[in-house]
Amino acid sequence: MTDEDQKANIAAALEHGVDVEGRRIFLQGDVESDSIALAVRGLYLLADQSDEPIDLFVASYGGDIDEAFQLHDVTRTIRVPVRTTALGVCMSAAPFLVACGQKGHRYAAENTQFMMHTASLELDGQLGHASLELEHTRKRCERMDRLLAKYTKKDYRFWAKFTKSSRDHYFGAEEALEWGIIDQIWSEKD
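Here the structure is a predicted model, which means the values were calculated and not measured. (Residues numbered from 1 in each chain as written. Predicted model: local features only at pLDDT ≥ 70, side-chain atom pairs only at ≥ 80, totals over all residues. Heavy atoms only, no water.)

S.K.: Help me understand the nonpolar core, please; the structure alone is not making it clear to me.
M.R.: Core analysis: the largest hydrophobic core is formed by 47 residues, its most contacted members being Leu71, Phe114 and Ile181. Counting residues per element, this core draws most heavily on helix H2 (residues 33–49), at six residues. The contact partners of leucine 71, leaving out residues within four places of it in the chain, are Leu27, Ile36, Ala39, Val40, Leu43, Leu56 and Leu97. (Core = buried A, V, L, I, M, F, W, Y, C linked by side-chain atoms within 4.5 Å. Buried < 20%, exposed > 50% of the residue type's maximum accessible area, 1.4 Å probe, protein only. Helix = DSSP H or I, 4+ residues; strand = E, 2+ residues; numbered from the N terminus. Contact = heavy atoms within 4.5 Å.)

S.K.: What is the right way to read the pairing of strand S2 (residues 24–28) from this model?
M.R.: Each regular strand displays side chains that alternate between the two surfaces of the sheet. Residues Ile25 and Leu27 of S2 are buried on one face, while the alternating residues Arg24, Phe26 and Gln28, pointing to the opposite face, are not. Two strands pair when backbone bridges link them, and strand S1 (residues 18–19) and S2 are joined in this way by two bridges, in the antiparallel orientation. Bridge pairing in S2 links aspartate 19 to arginine 24. Where S1 folds back onto S2 in an antiparallel hairpin, the turn is made up of four residues, including arginine 23, whose phi is positive at roughly 55°. Relative to strand S3 (residues 54–60), S2 runs parallel, the two sharing five bridges. Each residue of the ladder has a partner; that of phenylalanine 26, found in S3, is phenylalanine 57. (Pairing = 2+ DSSP bridges.)

S.K.: What exactly am I supposed to notice about the pattern of salt bridges here?
M.R.: If charged atoms from side chains of opposite charge come close, those side chains can pair. Counted according to the given criterion, the structure contains nine salt bridges. Across the salt bridge formed by aspartate 51 and arginine 79, the nearest N and O atoms sit 3.0 Å from each other. Placement of aspartate 51 in the loop between H2 and S3 and of arginine 79 in the loop between helix H3 (65–77) and strand S4 (82–91) is noted, with a sequence separation of 28 residues between them. Measuring nitrogen to oxygen at the nearest pair gives 2.8 Å for the salt bridge that ties aspartate 155 to arginine 157. We classify arginine 157 as exposed; its relative accessible area is 63%. A single salt-bridge network, built from bridges that share partners, covers Glu135, Arg138, Lys139 and Glu142. (Salt bridge = Lys/Arg side-chain N within 4 Å of Asp/Glu carboxyl O.)

As structure tokens, this is what we get:
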């Protein structure tokens, strides 16, 4: 491969949120099928290249809980450690993705704004299926709460109060550290 081909490959990967040389993946924007598919492909690509840790940077207002579980499952099952960092905004399903990173290597920038809330439903006029969708969503929220309890310093009931509430709960990096979503706050350089 020529230098020009290599530069083109690096540029293409970076355009899709994967820094191959730096072993970094950037999940920015919504947690939805396209962004998660890119992150999953990036994790497998980098895991196949080396056993060195992969850094997953999350800046997201959240999104689909099922897509979050997809990235969670890959993060927790590939043989390579995945270190996570929240940057700017880490809301809805995104705190869950940061919490599932390698223990001791979960970070947030000091001004990151976190938010958790109950999942919402989009029924698309399928009222006959509303009770099934509601039950599915309730079970997915309970599963996420149980996993958050496993990865953090708080129990299931603590997390359930967020996912069963009708309002959004905002908090900063300090609370994320206290509750065990992250292990360290990144602060300004001296």
